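A look at the structure
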Amino acid sequence: MKLKKEISKIIAEALEQASICVDEVSVNEATRPEFGDYQYNGIMPLAKMLQRNPREIAQQVASLIKTDGMIAKVEVAGPGFINIWIDSHWLCDAASVMLQDEHFAIAPRENPIRVVVDYSGPNMAKQMHVGHLRSTIIGDTLANLLEFLGDEVIRQNHIGDWGTQFGMLVAYLEESGLDEGSENLKDLEQFYKDAKKRFDEEADFADKAREYVVKIQSGDAHCLYLWQKFIDISLGHCEEIYKELGVGLAREDVRAESFYNERLPLVVDLLEREKMVEVSEGARCVFLSGEETPVIVQKQDGGYLYATTDLAALWYRSEVLHAKRLLYVVDARQSDHFKQVFRVAKASGLVREDEQLEHISFGTMMNRDGKPFKTRDGGTVRLIDLLSEAVARAKESINSKEEYSDKELEVLAQVIGIGAVKYADLSINRESNYIFDWDKMLSLEGNTSLYQQYAYARIMSIFRRYGGEIGNTISIDTEIEHRLSLALLRFEDVLEKAAKDAAPHQITSYLYEVATLFMRFYEQNPILKEEISEEVRQSRLALASLCGKVIKQGLAILGIGVVERI
Ligand code: ARG
């Protein structure tokens, strides 16, 4: 249900009846209960334009708003605000419809678009680091979200699998005869260090490494075989992490840097044809107005760069994948890179004018003392260790009256631990840096995944105790029921806005509001106590049921699971 749009439409109609022309009417959620449920504050600028008294206009418009359906009451407040109360009967019906509909009464998109979400993008030569963790979590959420709303989502994992380091790594792999399951390659960081040491200390090895770079790039079968093997092993490690995280990135989603090799010279040709290339110190560059540094697309020695590959990828995504919206979930340090390649892609016609290119930037993950997240000796934190620690800590923190089998405890710890890591990341505005704090993220108090999971389990426990069938009809008697129903009906509005802004934290804030309202509703409005009538009980059970569904679906979009009992 697009609540805001419906209410805005009613206001627009009233304005029209008052012969006032407005391009777009948009209401806001009221910030305080005494302001009603929604508020329209567009009258003041209008009055200024018309040189009329705002309160007078507001009065006139308010009197023209019909109060026999969705809207129960309107009031003019302050200098000319229109406060709007939603009718409880209308709310009951809408909430009941939502409860009965598998897709939360969210209508299919009128114009679904094809969206590419570029996320995760680890480098095969190095260990996946915390920056990739954030990209993976945020990107996966955005992909789930857009898919849920009906867009056609194409996930792209732009892994770094090309470049000079691979000569050295592949030569070292050949020498040490490592196989898939080998312990040694499990720690890519160490493997890299060992290879580098050998490269620096032994001239013969260094020569071979250099020879292998050339051979890989010129398509030598043996070297390409080794390279592929190396990539497979390395990618296998990333996939372990995806699996642990419950992230939906598959092999088919990989479009590695090397995938674009054949397009690279074509990109440079096209830019040349568009007369955008200038040679500077032997390198082919694109200079952009207002930018100090040019985009280098080809080095003096003929090699291509990260930017060239991204231009080729933009082209592919536009020309072959027909994407209309392209999201790049990459950390903030690459802002300039994306700003520049997007400009070049648009100016050269590699992508069409109407295609929406967005860098979904995010900040750095910090320690509790405000420093970038590192191990004690300053090394990169192995993500797989971080995730195991999350599960272990979750297991320790489970302090429940329930009896669990070992198997159940495993599942519970997994759902809670991984959920906590993801939720903590998603619940802050992605642009900010964020402090990784185990205690906070595993807390039952506050805006955490555990709080949501607990609310969900609480609802399930009510149903278990009740034992009977739960109906679909919601009726509203109390203030808190009104507020909870209204919050639940805002689900679609919240998801749409979060999708537009690519802002997962808007979903977590919303879920927090829903779970908090549910807890309050449950405290104030008994469900299972004998003193209430069966009819009221049924309605409250139905409201709890819708609440559970919204929490579960909201968390599923964030890639977080629920459990039936905690
Ligand atoms: N591999 C890159 C890195 O680790 C991230 C790739 C992001 N995607 C892209 N199309 N450039 O920095």
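One structure accompanies this document, and this report is about it. Please read these numbers as outputs of a predicted model, since none were measured by experiment.

**Notes on the sheet that holds strand E4 (residues 81-86)**
If you trace the four strands from one edge of the open sheet to the other, you get E1-E2-E4-E3, paired in antiparallel fashion. Two strands lie at the open edges of the sheet, namely strand E1 (28-29) and strand E3 (71-77), each paired on one side alone. Summarising the sheet, E3 and E4 pair through six bridges and their orientation is antiparallel. Following the sheet pairing, Ile71 is matched in E4 by Ile86. The strands touched by helix H3 (residues 54-64) are E3 and E4; relative to E3, the strand with the most contacts, the crossing angle is about 170°.

**Notes on the layout of surface pockets**
In this structure, the second largest pocket occupies an estimated 1100 Å³ of space. Along the walls of the second largest pocket sit 33 residues, with Lys2, Lys5, Glu496, Lys497 and Lys500 positioned nearest its centre. Counting residues per element, the lining of the second largest pocket draws most heavily on helix H18 (residues 491-501), which supplies eight residues. Tallied by class, the residues present in the lining of the second largest pocket amount to 12 nonpolar, five polar and 16 charged.

**A word on the site of the ligand**
The environment of the ligand is formed by Asp118, Gly121, Asn123, His132, His158, Tyr306, Asp310, Tyr328, Val330, Gln334 and Phe338. A distance of 2.8 Å separates a nitrogen atom of the ligand from a polar atom in the side chain of Asp118. In this structure, Asn123 approaches the ligand through a side-chain N or O atom, which is 2.8 Å from a nitrogen atom. Bound to the protein, the ligand loses 90% of the 340 Å² it would expose on its own.

**Focus on helix H5 (residues 130-148)**
Residues spaced three or four apart along an α-helix point in a common direction, a consequence of the helix completing one turn every 3.6 residues. In a regular helix each residue adds 1.5 Å, so 19 residues correspond to 27 Å; H5 covers 27 Å between its end C-alpha atoms and thus fits that length. Summarising burial for H5: 18 of the 19 residues are buried, a large majority. Positive phi shows up at Gly150, right after H5, with a value of about 105°.

**Here we look at helix H8 (residues 203-217)**
With 15 residues, H8 extends 21 Å between its outermost C-alpha atoms, agreeing within 8% with the 21 Å of an ideal straight helix rising 1.5 Å per residue. Considered for burial, the residues of H8 that qualify are Phe205, Ala206, Ala209, Tyr212, Val213 and Ile216. Take H8 and look down its axis: the buried residues cluster within an arc of 120°, on one side only. Structural note: H8 exposes Ala203, Asp204 and Val214 on the side pointing more than 90 degrees away from its buried face. Each element contacted by the buried residues of H8 is listed here: helix H6 (165-176), helix H7 (188-201) and helix H9 (221-245). In the segment just after H8, Gly219 is the residue with positive phi, at about 90°.

**What to know about the environment of Cys238**
Mapped onto the elements of the fold, Cys238 is located in helix H9. Taking the relative accessible area as the measure of exposure, Cys238 reaches 5% and is therefore buried. The residues touching Cys238, leaving out its near neighbours within four places in the chain, are Pro122, Met124 and Met128.

**With respect to the packing of aromatic side chains**
Considering all chains together, one arrives at 20 aromatic pairs under this definition. The interplanar angle of 65° and the centroid separation of 5.3 Å between the aromatic rings of Phe104 and Phe491 together place this pair among those described as edge-to-face. With Phe104 in the loop between helix H4 (88-100) and strand E5 (114-118) and Phe491 in helix H18, this residue pair connects regions lying 387 residues apart in the sequence. With respect to class, Phe104 is no different from Phe491; both count as buried. Ring centres of Tyr451 and Tyr512 lie 5.5 Å apart, and the angle between their planes is 65°; on these two criteria the pair is classed as edge-to-face. Of this pair, Tyr451 sits in helix H16 (residues 449-466) while Tyr512 sits in helix H19 (residues 504-524); the two residues are 61 residues apart in sequence, bridging distant segments of the chain. A relative accessible area of 13% places Tyr451 in the buried class. Taking relative accessible area as the criterion, Tyr512 reaches 29% and is therefore assigned partly exposed. Joined through ring pairs, the aromatic side chains of Phe166, Tyr172, Phe191, Phe205 and Phe230 make up one cluster. Directly above the aromatic system of Trp85 lies the positively charged group of Lys73, at a separation of 4.1 Å from the ring centroid. The ring of Trp315 carries Arg263 above its face, with NZ or CZ at 4.9 Å from the centroid.

Criteria and thresholds
Residues numbered from 1 in each chain as written. Predicted model: local features only at pLDDT ≥ 70, side-chain atom pairs only at ≥ 80, totals over all residues. Heavy atoms only, no water. Pairing = 2+ DSSP bridges. Helix = DSSP H or I, 4+ residues; strand = E, 2+ residues; numbered from the N terminus. Contact = heavy atoms within 4.5 Å. Axes fitted to C-alpha atoms, helices over the stretch in contact; angles between N-to-C directions. 1 Å grid on protein atoms, 1.4 Å probe; cavity = no way out; pocket = protein on both sides within 12 Å on 5 of 7 lines; lining within 4 Å. Points joined across faces, edges and corners; volume = space filled by probe spheres on them. Nonpolar A, V, L, I, M, F, W, Y, C, P; charged D, E, K, R; others polar. Near = heavy atom within 4 Å. Polar contact = N/O pair within 3.5 Å; in protein donor to acceptor, adjacent residues only side chain to side chain. Areas by Shrake-Rupley, 256 points an atom, 1.4 Å probe, with all protein chains shown as cover. Expected span 1.5 Å × (residues − 1). Buried < 20%, exposed > 50% of the residue type's maximum accessible area, 1.4 Å probe, protein only. Arc of directions from axis to C-beta. Phe/Tyr/Trp six-rings, centres within 6.5 Å; stacked < 30°, edge-to-face > 60°. Lys NZ or Arg CZ within 6 Å of the ring centre and 35° of its normal.

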